[in-house]
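Structural features, examined
Read off the chains here:
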Amino acid sequence: MTLNIEGIKSNFNYLQDIAKDHNLIICLQEHWLWGYETNFFEKHFPLHTIFSRSHDDNDPIPNFKARRGQAGTAIMWPSSLNKFIHKLPDGNSRVMAIKIELENHTVCLINAYMPTLAQNSQIGYREHLDIVSHITEKYSDLTHILCGDLNGTLKTSRKNPHDKLLRAFKTQGKWINKGNHLDNDTFFHHNGLSSSQIDYILTQDLDIVDKILIENTCGNNLSTHVPVFGVLAAKIQSNNIKSSISGKKFKIEWDRADLNKYQGKLKETLQENQSPNLTSTELVGNLIYCLTTAEKNVITSRIIKLNGPILKVSAETKILLNISKQKHRIWDIGGRKRGLDDSFT
């Protein structure tokens, strides 16, 4: 999956919902974290492995001089897949890659955040296309997938300089857009007056990607972009992978909360996450993040549902289990003693 998240702090809740799918490799653009802030990923996604690069990686910015973050890319995946995924050293803060070992393929997944259209931006755009080409040439024995915010469209209805460069790059590199039948846009300007399709998942092997899906807009997503999902035709070998999904459900005990302590923690979190020049959308996202953080640190919760492992059983066993449940229900309604029951003493 690829998503220009436009600030991981402001859009944290949406990413948290997406990351609940423990079969998903997530490519992010514009996480807006400076180098000294990237521990944010490990802190809030402990079940995932993170490969992150920041705009200031080559020239670190001191935290006392930090303005709102910019750019940055990251790839995150469930730690249960670590045996099959390896970080590659190539690229820069806008282009990064990992190697994925599948059953019948080894894939080089490239995550790219291409430069935005501006005066003379074709130079930087072409340079980053060259970086992608260098990675594909270096790992020519692998199957390649390119995803991200490419800041250019493959739709022929638009022809700005980036669009022309991207379409030429696609043709020369024999990249395939498995979602070329999709007319959905992936970017929707906040002013509501413009939209475009600039986020893609491309491949050089028609058989490696089964299908492409473009997500709809939703209120929980504060980014101007929507996710693009790619379903791989080949799967990671799963014989030795243990699921880390808990199955637990919790209820937050607000009635037992120490409100003074909660308010103090909220005030502290708000002060820690102050950033100048935020848009109204970013302010809302930042507030949601601070409220959630304070609640998790101070307010207790209790388990209200605990699921055991899902076990495969035979058809005969399923029939017997259903009969057992039905008999228990009959006993519960018609013959079970209420109150003190000493049947088993």
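Everything in this summary refers to the structure shown in the same document. Keep in mind that what you see is a predicted model, and the values were worked out from it rather than measured.

1. Things to note about the overall build of the protein
Across its full length, the protein carries 7 helices and 15 strands. Split into buried and exposed, the 345 residues of the protein put 43% on the buried side. With an accessible surface of roughly 20,000 Å², the protein has 51% of that area assigned to carbon and sulfur atoms.

2. With respect to a nonpolar patch on the surface
A grouping of Ile252, Trp254 and Leu259 is seen on the molecular surface, where their side chains present a nonpolar patch of about 280 Å² in accessible area. Relative to the assigned elements, Leu259 resides in helix α5 (residues 259–272). For Leu259, a relative accessible area of 48% gives the class partly exposed.

3. Comments concerning the sheet that holds strand β11 (residues 199–203)
With mixed pairing, 5 strands are arranged side by side in an open sheet as β5-β6-β7-β8-β11. Edge strands, defined here as strands with exactly one partner in the open sheet, are β5 (85–88) and β11. Between one strand axis and the next, the sheet turns by 20° as a mean value, whatever way the strands run. For β5 and strand β6 (residues 95–101), the ladder comprises 4 bridges, and the chain directions are antiparallel. Looking across to β6, one finds that Leu88 is bridged to Ala97. On the sheet, helix α3 (residues 122–138) packs against β6, β7 (106–113) and β8 (143–149) and is oriented at approximately 25° with respect to β6.

4. Section: the side chain of Ser121
Assignment of secondary structure puts Ser121 in the loop between β7 and α3. With residues near it in sequence (within four places) discarded, Ser121 still touches Thr116 and His162.

5. Section: the nonpolar core
The biggest cluster of nonpolar side chains holds 27 residues, and the ones touching the most others in it are Ile8, Leu15, Ile26, Leu28, Phe41, Phe45 and Met76. If you list the elements that add at least two residues to this core, you get α1 (12–18), β2 (26–29), α2 (39–44), β4 (73–78), α5 and α6 (280–298). Those residues in contact with Ile8 that sit more than four places away from it in its chain are Leu15, His31, Leu33, Phe40, Phe41 and Phe45. Counting 24 residues, the second-largest nonpolar core is a separate cluster that includes Leu81, Ile100, Leu102 and Leu182.

6. Digging into the pattern of salt bridges
In this structure the tally under the stated criterion is 7 salt bridges. Asp90 is paired through a salt bridge with Lys138; the nearest N and O atoms lie 2.7 Å apart. Taken together, the positions of Asp90 in the loop between β5 and β6 and Lys138 in helix α3 put the pair 48 residues apart, joining distant regions of the chain. Assessed through its relative accessible area of 9%, Asp90 is described here as buried.

7. With respect to the packing of α3 against helix α4 (residues 161–172)
The description of two packed helices rests on the angle between their axes and on the distance between the axes. Following both chains from N to C, one finds α3 and α4 inclined at 20°, their axes separated by 10 Å at the closest point. It follows from the interaxial angle that α3 and α4 lie roughly parallel. At the point where α3 passes α4, the crossing takes the right-handed sense. Residues Gln122, Tyr125, Arg126, Leu129, Val132 and Ser133 of α3 form the contact with α4, whose participating residues are Pro161, His162, Leu165, Leu166 and Phe169.

8. Considerations on the environment of Asn191
Position of Asn191 among the secondary structure elements: in the loop between β9 (187–188) and β10 (195–196). On the basis of relative accessible area, Asn191 is assigned to the partly exposed category, the value being 44%. A polar side-chain atom of Asn191 sits 2.7 Å from the main-chain amide nitrogen of Leu193.

9. Brief notes about the packing of aromatic side chains
What the rule picks out here adds up to 4 aromatic pairs. Aromatic side chains Phe12 and Phe40 sit 5.8 Å apart centroid to centroid with 85° between the ring planes, which places their arrangement in the edge-to-face category. Of this pair, Phe12 sits in helix α1 while Phe40 sits in helix α2; the two residues are 28 residues apart in sequence, bridging distant segments of the chain. In this structure Phe12 comes out as buried when scored by relative accessible area, which is 3%. By the ring-pair criterion, three or more aromatic residues cluster together here, those being Phe12, Phe40 and Phe45.

10. Some thoughts on the pairing of β11
Burial analysis of β11 places 5 of its 5 residues in the buried class, the great majority of the element. Along β11, one buried face is formed by Asp199, Ile201 and Thr203 and the opposite face, lined by Tyr200 and Leu202, is buried too. In this structure, β8 lies alongside β11, joined through 5 bridges in antiparallel fashion. In the strand pairing of β11, Cys147 is matched with Ile201.

11. Here we look at helix α7 (residues 315–334)
An α-helix turns once per 3.6 residues; consequently, residues spaced three or four apart project the same way. Under the 1.5 Å per step criterion, the end-to-end length of α7 is 29 Å for 20 residues, consistent within 8% with the ideal 28 Å. Counting buried residues along α7, only 1 of its 20 residues qualify, which leaves the element largely exposed.

12. Quick look at the side chain of Asp199
Counting through the fold element by element, Asp199 comes out in strand β11. Buried charged residue Asp199 carries no salt bridge. Nearest counter-charge: Arg158, at 9.8 Å. Side chain to side chain, Asp199 and Thr186 meet in a polar contact 2.6 Å long. Polar contacts involving the side chain of Asp199 include one to the side chain of His225, which spans 2.9 Å.

Cut-offs and rules
- Residues numbered from 1 in each chain as written.
- Predicted model: local features only at pLDDT ≥ 70, side-chain atom pairs only at ≥ 80, totals over all residues.
- Heavy atoms only, no water.
- Helix = DSSP H or I, 4+ residues; strand = E, 2+ residues; numbered from the N terminus.
- Buried < 20%, exposed > 50% of the residue type's maximum accessible area, 1.4 Å probe, protein only.
- Areas by Shrake-Rupley, 256 points an atom, 1.4 Å probe, with all protein chains shown as cover.
- Patch = residues over 30% accessible without salt bridge, like charges linked within 9 Å, V, L, I, M, F, W, Y side chains within 5 Å.
- Salt bridge = Lys/Arg side-chain N within 4 Å of Asp/Glu carboxyl O.
- Pairing = 2+ DSSP bridges.
- Axes fitted to C-alpha atoms, helices over the stretch in contact; angles between N-to-C directions.
- Contact = heavy atoms within 4.5 Å.
- Core = buried A, V, L, I, M, F, W, Y, C linked by side-chain atoms within 4.5 Å.
- Parallel < 35°, antiparallel > 145°, perpendicular 65-115°, else oblique.
- Left-handed = near helix turned anticlockwise from the far one by under 90°.
- Polar contact = N/O pair within 3.5 Å; in protein donor to acceptor, adjacent residues only side chain to side chain.
- Phe/Tyr/Trp six-rings, centres within 6.5 Å; stacked < 30°, edge-to-face > 60°.
- Expected span 1.5 Å × (residues − 1).
- Lys, Arg positive; Asp, Glu negative; His and termini not counted.

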